Each structure stands twice: as structure tokens, then as C-alpha cells.
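Structural description and commentary
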Amino acid sequence: MKFHTSYDVIVVGAGHAGNEAAAAAANTGAKTLLVTMNMGVIGQMSCNPAMGGVAKGQIVREVDAMGGYSGLVSDHSAIQFRMLNRSKGPAMWSPRTQNDKYLFAQTWREMLERTEGLDFWQDSVVGVIVEGGRCVGVRTALGSEIRGKAVVLTNGTFLNGLMHIGEKQFGGGRAGERSSTGITEQLVDLGFESGRMKTGTPPRVDGRSLDFSKMELQPGDEDPTHFSFLKRRADLSEQLPCHIAYTNDDVHDVLRSGFDRSPMFNGRIRGLGPRYCPSIEDKIDRFSDKSRHQLFVEPEGKKTIEIYLNGFSTSLPEEIQSKAMRLIPGFENAKMFRPGYAVEYDYFPPTQLKHSLETTSVNALYFAGQINGTTGYEEAACQGLVAGINAARSTWNTGPISISRSDAYIGVLIDDLVTKGTDEPYRMFTSRAEYRILLRQDNADERMTPLGHEIGLASDERMRNLEKKQTSVKALRRALEKTSVSPEGANTYLEAVGSTPLKQKVKAKQVLTRPHVNLDPLIAQVPELKHLNDHVKDVVEQVEIQVKYEGYIEKEQLMADRMSKLGGLNIPADMEYSKLGSLSAEAKQKLSEKRPNTLGEAANISGVSASDVSVLLIYLGR
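As a starting point, this report considers the structure included with it. Each chain carries its own residue numbering, running from 1 in the direction its sequence is written. Note on the predicted model: pLDDT of at least 70 is required for a residue's local features to be given, and 80 or more for side-chain atom pairs to be given and counted; whole-chain, interface and lining totals, by contrast, use all residues. As a rule here, side-chain values cover all heavy atoms of the structure and leave hydrogens and water aside.

Observations concerning the overall build of the protein
Stated formally: Helix and strand assignments come from DSSP, with helices taken as H or I runs of at least 4 residues and strands as E runs of at least 2, each series counted from the N terminus. Two things to know: the radius of gyration comes from C-alpha atoms, and the globule rule equals 2.2 Å times the number of residues to the power 0.38. For each residue, the accessible area found with a 1.4 Å probe, counting protein chains only, is set against the maximum for its type, and the residue is called buried under 20%, exposed over 50%, and partly exposed in between. Contacts are residue-level and defined by heavy atoms, with any inter-residue pair within 4.5 Å sufficient. Accessible surface is estimated by sampling points in the Shrake-Rupley manner with a 1.4 Å probe; for residues, cover comes only from the protein chains shown. Charge convention: Lys and Arg are scored as positive, Asp and Glu as negative, and His as well as the terminal groups of each chain are ignored. For the purpose of locating charges, the reference atoms are NZ of Lys, CZ of Arg, CG of Asp and CD of Glu.
In terms of helices and strands, the protein carries 20 helices and 22 strands. Relative to its length of 622 residues, the protein is compact, with a C-alpha radius of gyration of 26 Å against a globular reference of 25 Å. The principal-axis extent of the C-alpha atoms belonging to the protein is close to 80 × 70 × 55 Å. Buried residues in the protein amount to 58% of all 622 residues. Considering only residue pairs separated by 6 or more positions, the protein has 72% of its internal contacts joining residues 24 or more positions apart. When the accessible surface of the protein is summed, it comes to about 25,600 Å², and 48% of that surface belongs to carbon and sulfur atoms. The centroid of the 75 positive side-chain charges in the protein is displaced by 2 Å from the centroid of its 77 negative side-chain charges.

Quick notes on the packing of helix α12 (residues 460–482) against helix α16 (residues 537–548)
When two helices pack together, their arrangement is given by the angle between their axes and by how far apart the axes lie. Under the convention used in this document: Here an angle of 0 to 180 degrees is reported between the N-to-C directions of two axes, which are lines fitted to C-alpha atoms, with helices fitted over the stretch in contact. Here the angle decides the label: under 35 degrees means roughly parallel, over 145 means roughly antiparallel, 65 to 115 means roughly perpendicular, and every other value means oblique. Take the far helix as the reference: if the near one is turned anticlockwise from it by less than a right angle, the crossing is left-handed, and if turned clockwise, right-handed.
Between α12 and α16, the least distance of the axes is 9 Å, while the angle of their chain directions is 55 degrees. As judged from the angle between their axes, α12 and α16 are oblique. The element α12 and its partner α16 pack so that their crossing is right-handed. Side by side, α12 and α16 meet where Lys469, Ser472, Val473, Leu476, Arg477 and Leu480 of the first sit next to Asp538, Val539, Val540, Gln542, Val543, Gln546 and Val547 of the second.

Side note on unusual backbone geometry
Non-glycine residue Ala364 carries a positive phi angle of around 65 degrees. As for its position among the elements, Ala364 is in the loop between β19 (341–347) and β20 (365–367).

Things to note about the layout of surface pockets
What counts is decided by this rule: Cavity means a closed set of points on a 1 Å grid over the protein atoms alone, one where a 1.4 Å probe fits but cannot get out, pocket means an open set with protein on both sides within 12 Å along at least 5 of 7 lines, and lining means a residue has an atom within 4 Å of a point. Grid points are joined across faces, edges and corners, and a volume is the space filled by probe spheres set on the points.
The computed volume of the second largest pocket comes to approximately 650 Å³. If you trace the second largest pocket, you find 25 residues lining it, with Ser402, Ile403, Ser404, Arg405 and Asp415 closest to the centre. Broken down by secondary-structure element, the contributors of at least two residues to the lining of the second largest pocket are α10 (409–420), α17 (550–567) and α19 (599–603). A total of four residues in the lining of the second largest pocket trace back to one element, the largest contributor, which is α17.

Considering the environment of Leu210
Residue position: Leu210 is located in the loop between β13 (204–206) and β14 (216–218). Relative accessible area serves as the criterion here: at 10%, Leu210 is assigned to the buried category. In the structure, Leu210 is positioned 77 residues away from Phe287 in sequence and 27 Å away in space, judged by C-alpha atoms. Once residues within four sequence positions are removed from consideration, Leu210 is found in contact with Val205, Met215, Val297, Ile307, Gly330, Phe331 and Ala334.

Let's talk about the sheet that holds β19
Quick reminder of the rule: A pair of strands is treated as paired once DSSP finds two or more bridges between them.
The antiparallel open sheet is built from four strands, whose spatial order is β11-β10-β19-β12. The open sheet terminates on both sides in strands that have one partner only, identified here as β11 (168–171) and β12 (195–201). The mean inter-strand angle of the sheet, taken between neighbouring strand axes irrespective of direction, is 25 degrees. Relative to β19, β12 is paired through seven bridges, and the arrangement is antiparallel. Bridge pairing in β19 links Thr201 to Tyr341.

Quick word on the sheet that holds strand β3 (residues 50–52)
The pairing of strands in a sheet comes from backbone hydrogen bonds and takes either a parallel or an antiparallel form. Taken in spatial order, the three strands line up as β3-β5-β4 in an open sheet, and their pairing is antiparallel. Strand pairing shows two members of the sheet lacking a second neighbour, β3 and β4 (78–84), which therefore form its edges. Pairwise comparison of adjacent strand axes, ignoring direction, gives a mean angle of 15 degrees for this sheet. Sheet topology note: the β4/strand β5 (residues 94–99) ladder contains six bridges and is antiparallel. Residue pairing for β5: Met83 is matched across the bridge by Pro95.

Some thoughts on the pairing of strand β1 (residues 7–12)
In terms of burial, β1 is largely enclosed, as six of its six residues are buried. With five bridges joining them, β1 and strand β9 (residues 145–153) adopt parallel strand pairing. Counterpart to Tyr7 in the pairing with β9 is Gly148. Strand direction decides the pairing type here: β1 and strand β2 (residues 32–36), joined by four bridges, are parallel.

Remarks on the packing of aromatic side chains
Using the following cut-off: Working definition: rings of Phe, Tyr and Trp (its six-membered ring) pair if their centres are within 6.5 Å, and the pair is stacked with planes under 30 degrees apart, edge-to-face with planes over 60 apart, and tilted otherwise.
Taken as a whole, this structure holds six aromatic pairs when the rule is applied. Ring centres of Phe81 and Phe227 lie 6.1 Å apart, and the angle between their planes is 70 degrees; this geometry places the pair in the edge-to-face category. One end of the pair, Phe81, is in strand β4; the other, Phe227, is in the loop between β14 and β15 (242–246), with 146 residues separating them in the sequence. Each of the two residues, Phe81 as well as Phe227, counts as buried. For the pair Tyr549 and Tyr552, a centre-to-centre distance of 6.4 Å together with 50 degrees between the ring planes defines the contact as tilted. Given a relative accessible area of 29%, Tyr549 falls into the partly exposed group. A connected cluster of aromatic rings, assembled from ring pairs, spans Phe192, Phe348 and Phe367.

Structural notes on the pattern of salt bridges
For clarity, the threshold we go by: Just to be clear on terms, a salt bridge is a Lys or Arg side-chain nitrogen sitting within 4 Å of an Asp or Glu carboxyl oxygen.
Under the defined criterion, the tally for this structure stands at 36 salt bridges. Note that Arg139 is salt-bridged to Glu145, the shortest N-O span being 3.8 Å. Each of the salt bridges in this network shares a partner with another, and the network as a whole consists of Arg405, Asp415, Asp416, Lys420 and Glu434.

Examining the pairing of strand β7 (residues 125–131)
Residues in a regular strand project their side chains so that they alternate between the two faces of the sheet. In this sheet, strand β8 (residues 134–140) lies alongside β7 in antiparallel orientation, the contact comprising six bridges. When the bridges of β8 are listed, Glu131 appears paired with Arg134.

Structural notes on helix α11 (residues 444–454)
Two residues of an α-helix separated by three or four positions point the same way, owing to the 3.6 residues in each turn. Among all positions in α11, only Ala444, Asp445, Arg447, Met448, Thr449 and Gly452 are buried. Buried residues belonging to α11 abut α2 (56–66) and α12. Trailing α11 by a residue or two, Gly456 shows a phi angle of about 85 degrees, which is positive.

Digging into the packing of α2 against α11
How we decide: For this classification, the nonpolar set comprises Ala, Val, Leu, Ile, Met, Phe, Trp, Tyr, Cys and Pro, the charged set comprises Asp, Glu, Lys and Arg, and every other residue, Gly included, is treated as polar.
Across the interface, α2 lies against α11 with an axial gap of 7 Å and an inter-helix angle of 35 degrees. Like other packed secondary-structure pairs, α2 and α11 cross with a definite hand, here right-handed. Here α2 contributes Arg61, Glu62, Ala65 and Met66 to the contact with α11, which in turn contributes Ala444, Asp445, Arg447, Met448, Thr449, Leu451 and Gly452. Here the contact of α2 with α11 is composed, by residue class, of five nonpolar, two polar and four charged.

Observations regarding helix α1 (residues 16–27)
For clarity, the cut-off: What a helix is expected to span follows from its residue count: subtract one and scale by 1.5 Å.
If you check α1, its first and last C-alpha atoms are 16 Å apart, about what twelve residues at 1.5 Å a residue would give, namely 16 Å. Burial analysis of α1 places eleven of its twelve residues in the buried class, which makes it a mostly covered element. Within the sequence span of α1, burial applies to His16, Ala17, Gly18, Asn19, Glu20, Ala21, Ala22, Ala23, Ala24, Ala25 and Ala26. A positive backbone phi angle near 110 degrees is found at Gly29, which sits one or two residues after α1.

By themselves, these observations are geometric and do not establish any function.
This is the structure we're talking about:
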């Protein structure tokens, strides 16, 4: 059946990766088709109803800065906003929204439907069409053969998905939705290596049956900001609170009573789950010395009573889940809407990809999201963005975009996946980024908007906003460098924050470098600086960060520049690593397998040490 139009880019899957891929491809000028098994669940929050968090929030801001949709969707559907880690340095500040999951999905669909050049088709893709080593389309369960110049697979947890609740097993990639079959087998026949991973989700609970007075209140920020640099969002004058609850020894005892029927412990689940987001039974087994574990009680929306019990992910039998949950303070009368479950699914080790997310075995075939072994909406979204951009660019023979580790968390994630691979669900953390002082959430627009604008994804409005912000930042810094403050003007404020009073006039910038001194109140309370109070919050915040951390930022930038200069050294394609006697045996093996193009790529390969890099530098004449 060949009644379909031919497309530039075909995107398979309408989760977070697929949506960003489809939007990016279409917005950069490619005629794009988004294929999904169910158009009613486009952009669904399958797991927790939240976006962002530690390192993940930085990714959402980077996606937004480039012209992606996730930040706008998150802001529009937010019911709470928090900037995490405010007590730490700005490299750790991470924005997070609690979202109305129904409005989130509705907003995604509306934004995609308004995207010019993007078509939709509801069907299950059962295979890709490969001719002459190039992917030229997809085949669907309804018998359609849809042709395209590039294909992006974002299948999530649906590839041979198998769900587990206690001793029960049933096919599916998500509650109420069937799995996708056929693709894995075909790709293996084409020479791809595949594996199995596991993820899980907790029970959903009737909020009317909970006693929130027994839990810790977790409100949103008093002065909430935004994910998107366009600063458009839903009204957050009345934020919904989250709560914190705790398990106890009684809860743990009940959970242990079901271990003999747990698919995690009796061998029915073979895939590895996320190390940093384990199931509750895994927590009490691995951390048996702990008498309690923290749980986050999260509302799923403004117009629903459904509650998400974050931290209680489980695949134990339903009756064990319910009995254990009712021993949590505040949950004594809890009514469960649906039990937690685990899902196993196929993935393809991402070392089979180029940095563009194109596969090394088949041209014009791109993978993004959980198919690459990652976990999390944000990790999926940024991969989809990059895959969609590069798939579109490949159709007019334009080279792929390159995002380095010093450019963005997006670059860190992709480089980790492609060069090191993963055998467990990969999650982003600030500790994975060696240049995290440069990769802050406040400067994501400076880092990513110029690239997004250059490739036609970030709008002119975004670029104008960035230029205006940069002008204001420079002006405020100059003013602080030139303006002196007097003891009479500054000492009342300085004494109030526990800082040594001034004995003579000093430049305002010097005062700002002191601990406990913040720029916003300094401007508001010191007479000599009150003429600067017309600057917007994000400008004031960025200037304060730049001034206070100037030395650290400069040092890290020098390190990044040096690595960039050396990392760009090309390695001959016919390099015979086995003949370089000073290389370690592991480095010889890994370098021969990976065949890195540059020294930077070689340095990021797991098993290649700093001394191995030095050997390569000497060989390359540096």
C-alpha cells in the first residue's frame, strides 16, 4: 500500500524524543512525518509528572535555547516551579517544574499541530526500509510503505516491551498500550547489537484518601522563574504543593514478604534497571541498613485527584504494594488507582552511533531516547532535538551539527553514550560534566541560541532577546566596576548580612565579591546603586554569578579551550594502534575498535587513560 507522500524525515514515536525530533526537523525546513501508535497519547508523561531537576533542568534550558519545545510545554503546564540546590554554587542550580500531565500532553499536541511542514500518521511501525546501506522509509502494521530520506527511531520502552506485576507478565510498553514488535529482529539481522533494559513506575493513589498533615510540605518558590527564555507560561500565582513522606521498618517487612514473588528477585526480569532511580524493593535490599527511605508525594494535575508516589517504584504483587503503602504515615487509608509495574524493553548500545546520532551501520537512520539506553524525559528530548536536526540536514547534504562537552550538557550526554556506551539506563548528573561551571542553567541561551539561530531553529525573537540580555549584562558590570559605594551608604546592609563594614569608598564590584553579599539587595539598599534597579532579574543574577565566580569561570574556560584545541587534532584513519608500544593494552583494543577521528574523541573513550592520550599527542607531533 503506497498512497503516502514521500517525506524528508520520518520520526517514529511521539514521546519526548520523537516530539522534539519531529519539531526540530520540520522547523529547520524538512517535510516531516511523525508516526505514532496512538495519537491520543502524544507527549504523555508516562512516569512522574515533572520536568527538570539536577542537571536535567539544565538540559531543558539548553533544548529551549536552541529552539526546542520542551521548555515552553513545561512552563505552560506547570503547577509548581522550584530552583533546586540554591544553597550550593550556581553550577548546581537546577530548575524543576511539577506539571499537570494532561495539560502537558495537550500542549505538546497543540504545538506540534501548529508546526508547519509536520504531518501525522497513526500506525505501528514494524520495520525500516533499507536499500544500498541507506534507510529510505518504514513499513507499518497496516501494510503502508512510507518513503523518506531519513528516519529517526524513538521507540521508548515499546520494543518488545514486557510488563511485570508480581508473577504476572503481559506484553506492552506502557499501561494500556501494546508493545512494538519486528523492529529489533530486523535491526539485528542488519548487524546491530541489542540488549534489554528495565524501568518501573510506582502506584497511583487517590489523593482524597491521604492525610497530608502527616507529611512534610514542599511548596514551590515564592518568586518562580521559567524554563523558557521566551518567558511565557501558565499562571503560577497559586502553586500546588508537593509533600514528602517516609517508609519505615514495618513497610520494609511487608515488602520483603513479597520478594519470593518479585520478578526482580526470581529471575523473570533480565534487563538492568536504573541505578540512580531503583525500585523500592531494590532499595531495601541494597540498603538494608537504612530504616527509612524518602518518598515524594506529587499531584498529577490541577483537575485530578490522582497522586504519583515518587520513590515507590515497584513490580511486587498488587496486594503487597497496597498493604505496604498503607503503613506509610499519611497513607493509612490510601486507595490505589493502579499498581506500580516494571517494564522490560529492547535497546541498542549507543556505541553503534555517530555523534550526530546516525547509526554507523545504516546511513540516514537515527536513534534517540530510550532506544539508546537512556532514562528520563529530558535526556530523551535533547537526543530527539539533535537527531531531528541532523536527520533534516542530511537530506540536503549539509554536515551535522557538533555540540562538544564544553558547549552543553547535551554534548556531555551524547559523547558519553557514543564513546563510552552504557549497560544500564543512563541518567544525567552534574558530576558527569567536567565543565559544569561553564554549563550553568542561567547562561544556556548564550551557549546554545547562536547555534540554534544559525541552523534556522531558534527564532529571530530569541536572538534579539539574547542580544538585549548580553547588552544589559555588560552595562551592569561596567556600572559596578565604575561606581564607588561609601561606608555611609553600604554599612547598614553589610552589617545586616554579617559582613565587615567599609572604612572607605570602594568599587561596588569589590563589595559584591564578598560572601553573603547579593547584588539584588545591594542595589536596592545602597543609595549609590539605586539607579541600577531597572535591570531585570535574570540580568542581575547573571552579573552576580560572573563577578563572584570570575576566577573559576576563567580557569575552566582556559581548560576547555586547551582541550578543544588539542582535542581537534585529527588522527589518521589508518592509525595502527597495535604498533604504539607505549599505549596500554586496553587502549590499543578500544582505539582499534572505535577508530576515533580526533584526539578529543579518543580521550573520551572508556579505558583510554590520560597517559594514553599523552602517547597519542607525542605521536601526532604535539
